[in-house]
Amino acid sequence: MKYGSTIAAIGQYGDDGAQFQCSVVVERLNSSGQATKRQVIRKAAVLLGRNEFQEIILRVHDGKVPQSYTLKEFQLFTRFVKDGKCTVKLLPENIQVLISDCPPHLLNIFLKTLSIKHQAWQTSKPVTDREKLKACLPRSFETISPLQQKDVQKANELRSKVNAPVLSRGLVVRTGNKMTGGEQALHPSKKPSLSLPTARKLNKEQAAVLSAVLSGKNVFFTGSAGTGKSFLLKRIVGSLPPKSTYATASTGVAACHIGGTTLHNFAGIGSGSAPLEQCIELAQRPGVLQHWTSCRHLIIDEISMVEAQFFDKLEAIARSLRRSTEPFGGIQLIVCGDFLQLPPVSKGKDKATFCFQSRSWRKCIHLNMELTEVRRQTDQSFISLLQAVRVGRVTEEFTAKLMKSAYHKIERDGILATRLCTHKDDVELTNDNKLQQLPGSVRVFEAVDSDPALVKTIDSQSPVSRLLQLKVGAQVMLTKNLDVQRGLVNGARGVVVDFQPGKLGLPRVRFLCGTTEALKPERWMFKAGGGLYLSRQQLPLKLAWAISIHKSQGMTLDCVEISLARVFERGQAYVALSRAKSLEGLRVMDFDPHVVRADPDVLHFYSKLRKERLLLQVSFWLCASFVLTIGPNVL
Ligand SMILES: Nc1ncnc2c1ncn2[C@@H]1O[C@H](COP(=O)(O)OP(=O)(O)OP(=O)(O)O)[C@@H](O)[C@H]1O
Ligand SMILES: [Mg+2]
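Residues numbered from 1 in each chain as written. Chains lettered and ligands numbered in written order. Predicted model: local features only at pLDDT ≥ 70, side-chain atom pairs only at ≥ 80, totals over all residues. Heavy atoms only, no water.

Under an unreviewed UniProt entry, the name given to the chain is ATP-dependent DNA helicase PIF1, and the organism recorded is Salmo trutta. The record in UniProt for the chain states the following under Catalytic activity (unreviewed entry): "ATP + H2O = ADP + phosphate + H(+)". In its Sequence similarities (unreviewed entry) section, the UniProt record describing the chain reads: "Belongs to the helicase family. PIF1 subfamily." (UniProt positions renumbered as here; feature names shortened; annotations may be inferred.)

Tracing the chain through its elements places Lys 204 in helix α6 (residues 204-214). Here Lys 204 falls in the exposed class, since its relative accessible area comes to 68%. (Helix = DSSP H or I, 4+ residues; strand = E, 2+ residues; numbered from the N terminus. Buried < 20%, exposed > 50% of the residue type's maximum accessible area, 1.4 Å probe, protein only.)

Turning our attention to the domain arrangement of the chain. Parsing the chain into structural domains produces domain 1 (19-124 + 139-145), domain 2 (204-371), domain 3 (411-558) and domain 4 (599-634). Contact residues are listed per partner, giving nine residues for domain 1 and nine residues for domain 2. Sorting the residues of domain 1 by area buried against domain 2 places Asp 101, Pro 103 and His 105 first, and these three jointly supply 69% of that buried surface. For the pair domain 1 and domain 2, the interface holds zero salt bridges. At the boundary of domain 1 and domain 2, one finds two residue pairs in polar contact (both at pLDDT 80 or more). No other element matches helix α2 (residues 104-121), which puts three residues into the side of domain 1 that touches domain 2. Residue classes in the side of domain 1 that touches domain 2 are distributed as four nonpolar, three polar and two charged. (Domains from an automatic or database assignment. Contact = heavy atoms within 4.5 Å. Buried area = accessible area lost by both parts, 1.4 Å probe. Salt bridge = Lys/Arg side-chain N within 4 Å of Asp/Glu carboxyl O. Polar contact = N/O pair within 3.5 Å; in protein donor to acceptor, adjacent residues only side chain to side chain. Nonpolar A, V, L, I, M, F, W, Y, C, P; charged D, E, K, R; others polar.)

This brings us to the environment of Ile 41. Inspection of the secondary structure puts Ile 41 in strand β2 (residues 35-50). With 533 residues separating them in the primary sequence, Ile 41 and Tyr 574 have C-alpha atoms 51 Å apart. Apart from residues lying up to four places away in sequence, Ile 41 is in contact with Cys 22, Ser 23, Val 24, Val 60, Asp 62 and Gln 67.

As paired elements, strand β17 (residues 418-421) and strand β29 (residues 560-562) share three bridges and run parallel to each other. In the strand pairing of β29, Leu 420 is matched with Ile 562. Examined bridge by bridge, β17 and strand β28 (residues 546-548) share three bridges and lie parallel to one another. By the bridge assignment, Cys 421 is partnered in β28 with Ser 548. (Pairing = 2+ DSSP bridges.)

As a further point, take a nonpolar patch on the surface. Where nonpolar side chains cluster on the molecular surface, the patch consists of Val 442, Val 444 and Leu 467 and spans about 230 Å² of accessible area. Inspection of the secondary structure assignment puts Val 442 in the loop between α16 (424-437) and β18 (443-446). With relative accessibility at 37%, the residue Val 442 sits in the partly exposed group. (Patch = residues over 30% accessible without salt bridge, like charges linked within 9 Å, V, L, I, M, F, W, Y side chains within 5 Å. Areas by Shrake-Rupley, 256 points an atom, 1.4 Å probe, with all protein chains shown as cover.)

Attention now goes to the packing of α2 against helix α7 (residues 229-238). At a minimum axis distance of 5 Å, the contact between α2 and α7 shows a crossing angle of 75 degrees. As summarised for this structure, α2 and α7 are arranged roughly perpendicular, according to the angle between their axes. For the pair α2 and α7, contact is made by Pro 104, His 105 and Leu 106 and by Arg 235, Val 237 and Gly 238, respectively. Of the residues in the contact of α2 with α7, the class split is three nonpolar, two polar and one charged. (Axes fitted to C-alpha atoms, helices over the stretch in contact; angles between N-to-C directions. Parallel < 35°, antiparallel > 145°, perpendicular 65-115°, else oblique.)

What follows is about the sheet that holds strand β25 (residues 522-527). Taken in spatial order, the three strands make up an open sheet running β19-β26-β25, and their pairing is antiparallel. Both outer strands of the open sheet, β19 (448-449) and β25, are each paired with one neighbouring strand and no more. Here β25 runs beside strand β26 (residues 533-538); their pairing, made up of six bridges, is antiparallel. What sits directly across from Trp 524, in β26, is Arg 536.

A few words now on the pattern of salt bridges. Applying the stated criterion to the full structure yields 24 salt bridges. Residues Glu 373 and Arg 375 are paired through a salt bridge, measuring 3.7 Å at the closest nitrogen-oxygen approach. Residue classification places Glu 373 among the partly exposed residues on the basis of a relative accessible area of 38%. Shared partners join several salt bridges into a network, and the residues in it are Lys 351, Glu 569, Arg 570, Asp 599 and Asp 601.

With that out of the way, let us pick up the nonpolar core. Generally speaking, nonpolar side chains in soluble globular proteins are found buried as a group. Counting residues in each nonpolar core, the largest one holds 40 residues, and the members touching the most others are Phe 220, Trp 292, Leu 298, Ile 303, Phe 328, Phe 339 and Trp 361. When we break this core down by domain, the ones giving at least three residues each are domain 2 (204-371) and domain 4 (599-634). Ignoring sequence-local partners within four residues, the contact set of Ile 303 consists of Phe 220, Val 335, Cys 336, Gly 337, Phe 339, Cys 355 and Trp 361. Within the second largest apolar cluster, 34 residues are counted, among which are Val 394, Leu 557, Val 560 and Val 575. (Core = buried A, V, L, I, M, F, W, Y, C linked by side-chain atoms within 4.5 Å.)

This brings us to the packing of aromatic side chains. Enumeration according to the criterion identifies 15 aromatic pairs in this entry. A ring pair is formed by Phe 354 and Phe 356, whose centres lie 5.3 Å apart and whose planes are at 10 degrees; its orientation type is stacked. Residue Phe 354 shares its accessibility class with Phe 356, and that shared class is buried. By the ring-pair criterion, three or more aromatic residues cluster together here, those being Phe 220, Phe 311, Phe 328, Phe 339, Phe 354, Phe 356, Trp 361, Phe 605 and Tyr 606. (Phe/Tyr/Trp six-rings, centres within 6.5 Å; stacked < 30°, edge-to-face > 60°.)

Around ligand 1 sit 20 residues in total, of which Lys 201, Gly 226, Lys 229, Phe 231 and Arg 579 are the nearest. In the environment of ligand 1, an oxygen atom lies 3.2 Å from a nitrogen or oxygen atom belonging to the backbone of Thr 227. A distance of 2.7 Å is found between an oxygen atom of ligand 1 and a side-chain nitrogen or oxygen belonging to Lys 229. Ranked by residues supplied to the shell around ligand 1, first place goes to α7 with three residues. (Near = heavy atom within 4 Å.)

Following this line, the structure appears as structure tokens:
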């Protein structure tokens, strides 16, 4: 395959784990492990292939001369895969290939492909040097085929049979201090069987948006609640080079869902209410300036809560700091959200303006796309009800259904419904009171923060609090995806059944999905200003008798109870109702159709986009085999 075509292919597809673009450093080491020769390739294509003897080859291409390494005995260092980094150390040659700035999702598949293909290859008879010479085959290189079940089977067969000497000539995987993969197979009792990568697949609509993003367009994608916008954003984050990609969201909770930071944190201009000149000065502080200059792809989730003036300021700052006349200083924007959900928080009496009403929106966004397939709910009649609520048109039939839901018995196995509150104070009061009312003693779990002096910054982005108080019987919610297959997902509801004996006294939680699990502390990483990373280690739990509707934006909830009497915002009732996975899992205490309001400006914005045929319903677009040629000139 030619280098040029490889890069183009990677830009658009490259999802099979055999090739990607990244930075590479090749080091030749001496016997004491020091580099005696170093070659830096800032823009390299890395390919996995096979030679004429079916051996696995790692090929590094700098655009001129390819370098090939036969992968027989090697070590993989995989601790920083999440940051797009890994190292392949070739043992007999004493060469290490340091890979960095690789889209983490691709790197993950690449490493899995490499490990499994290598283990499957070990089941075949090795070709000796003598046999190679005799064969006189012309040299060849063919990109490795995507992982298949048969590769996994072969690798697992080897794992069940093999003993130490065989693996000692093979692969060793190191993830920090722990060892996985090949090395675990040295201890037969510990070897887990391998499987194909389980990343949940994007649907066609989502894949089309990803492809538009990878083609370099500035994309705004929208869709009703639960169409998988944030799910897709996570994949987009994983498919772009980490050094120049910033994942942000308008709120800390939403930022945490996509493993990013808040837009305010990225911008470094405080609330952004100071005059532009002052904001530009603020953005030039050390640490902040680097965000603006190194960013090539800016991702923003929950765009509906970003204020127009703030967006315009960011756009002007980007042009100024990057000394560019292009919109947003040439940064690729990937913006997502549903304007019919929560609007920006208004300051004072004036109604806040939406981002799409900003001066720069139109010139910044090349492509508007809409996801239509709802993934959070499966019951079509409930989906139709929510669609009606979204646009503020509740029929009598839907009103009757929602009023009837007040009698739903949704408690199961001692797990009560979570109450979604319109006001923050109600949340704290409810959770504190309910915990106090429970018999038994309180256990307090204190988080370990990387920088206790920055607890406020951590609090603003963390889904878990510094102090977590629990008792047996406490209603809790999981705040992290622990095991999607087993239903242990972010937002899963449960109840504390007991605490394990011992000093740590970790809580065991029974979840609605039927699983009872002892929970261990988990770690969250946050990007703070100045390229600084902060972390918090805490149990992945929060009290769940009540949460606020604002905090629930973006969540999927198992069983919810809602009181809408004090709804004060357009879109608020829709956000609350659309958190539920099913009508059966929902109880609305006091439904009144008048609290359901959609913002007329938003309805007008969406209908204008549709009228001008600028909002591409991706499903329609796929049917029509529409080619991505729309640019800013069309808008
Ligand atoms: N392709 C997919 N495969 C499997 N599950 C998916 C897929 N896309 C989305 N989901 C699941 O659907 C649910 C809703 O997705 P997500 O939260 O991303 O929706 P959203 O559009 O961001 O909603 P909201 O507007 O409420 O924030 C989640 O549980 C998510 O894991
Ligand atoms: Mg979302």
